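Chain and residue survey
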Amino acid sequence: MILYYLTIAVQIFCFYHIYKNRNEYYWYAIIFFLPAIGSLIYLFMKVFNSQDAQMIGEEITTTIQPAKRIKDLIEKVKFSDTFANRLALADAYFDKQEYQNAVENYQIILDGAHKNDVYVQEQLVIANYHLGHFDKVIELAKSLRANSEFRASKIIFFLGLSYKALGKLNNAEKHLRALDVRYSNYQERLVLAQFLVDRGKQEEAKELVEELLTEFNYMSNPNKKTYKTTIAEVKKLSDSIRLNN
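Treat the numbers as computed from the prediction; the structure is a model and nothing was measured.

What follows covers the pattern of salt bridges. Counted according to the given criterion, the structure contains 13 salt bridges. Across the salt bridge formed by Glu-139 and Lys-136, the nearest N and O atoms sit 3.6 Å from each other. Residue Glu-139 and its partner Lys-136 are both found in helix H9 (residues 134-143); the two are separated by 3 residues, about one turn of the helix. By relative accessible area, Lys-136 is classed as partly exposed at 31%. Arg-189 is the partner of Asp-180 in a salt bridge, and the nearest nitrogen-oxygen pair spans 3.1 Å. On the accessibility criterion, Asp-180 (32% relative accessible area) is partly exposed. Owing to a relative accessible area of 0%, Arg-189 belongs among the buried residues under this scheme. Salt bridges sharing partners connect three or more residues here, namely Glu-173, Arg-177, Arg-199, Lys-201 and Glu-204.

Quick look at the structure:
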């Protein structure tokens, strides 16, 4: 059974490596149809050096024993409480959806020398949103307004969603509309379109959906694969709007 999960973990790493490094597409087929042999051939031909070997080990450990990875990271932080080690621990908790532990570690980072780190701020906002701490999300966002990088889209998006959850719909719409930027923020704009439908603003929702559908026509094939789910949801929403008009 361990061998099976090990093979799956190595396959996942290889697929990620192919995508990240834009290697030849035929490798997907080789690894898919010949999981063990194909993965080994790919690793020896395209991956193996000391740095990538370490990455493979980390990926396999994370896939098979996520709790062990967190335990190891806790020990690293105890030995050396650096920004990198603390962030790795916080992200591991976040990925495991242990949001309260993630929040505690992100907050420790922001209480130190890296208080303006945008990535950590985003992660803290998202973790608090998933915990249902919507007032806290708003409080955090307000404290970031003085930061010139406050416009980080994830912070604005989850701020808008938090206002929505609290029933402050005008504030929610204001922040969600701030992310309505052509040829970007596709998932966020889909959420905005659905929000407009829910508020009875059918024509504005229809216009936004039509914009999105037009933009999808100009997408590269890799982007179409990346946003496959979003594209399907936009088309579904478009059909729903058409039926209700």
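In helix packing, the relevant descriptors are the interaxial angle and the interaxial distance, both defined with respect to the helix axes. Their axes nearest at 12 Å, the elements helix H6 (residues 83-95) and helix H8 (residues 118-130) cross at an angle of 25°. Between H6 and H8, the angle falls in the class roughly parallel. Seen from above, H6 lies across H8 with left-handed handedness. Each of Phe-83, Leu-87, Asp-91 and Phe-94 in H6 lies in contact with H8, whose residues at this interface are Tyr-119, Val-120, Gln-123, Ile-126 and Ala-127. Its residues assigned to classes, the contact of H6 with H8 comprises 7 nonpolar, 1 polar and 1 charged.

Cut-offs and rules
- Residues numbered from 1 in each chain as written.
- Predicted model: local features only at pLDDT ≥ 70, side-chain atom pairs only at ≥ 80, totals over all residues.
- Heavy atoms only, no water.
- Salt bridge = Lys/Arg side-chain N within 4 Å of Asp/Glu carboxyl O.
- Helix = DSSP H or I, 4+ residues; strand = E, 2+ residues; numbered from the N terminus.
- Buried < 20%, exposed > 50% of the residue type's maximum accessible area, 1.4 Å probe, protein only.
- Axes fitted to C-alpha atoms, helices over the stretch in contact; angles between N-to-C directions.
- Parallel < 35°, antiparallel > 145°, perpendicular 65-115°, else oblique.
- Left-handed = near helix turned anticlockwise from the far one by under 90°.
- Contact = heavy atoms within 4.5 Å.
- Nonpolar A, V, L, I, M, F, W, Y, C, P; charged D, E, K, R; others polar.

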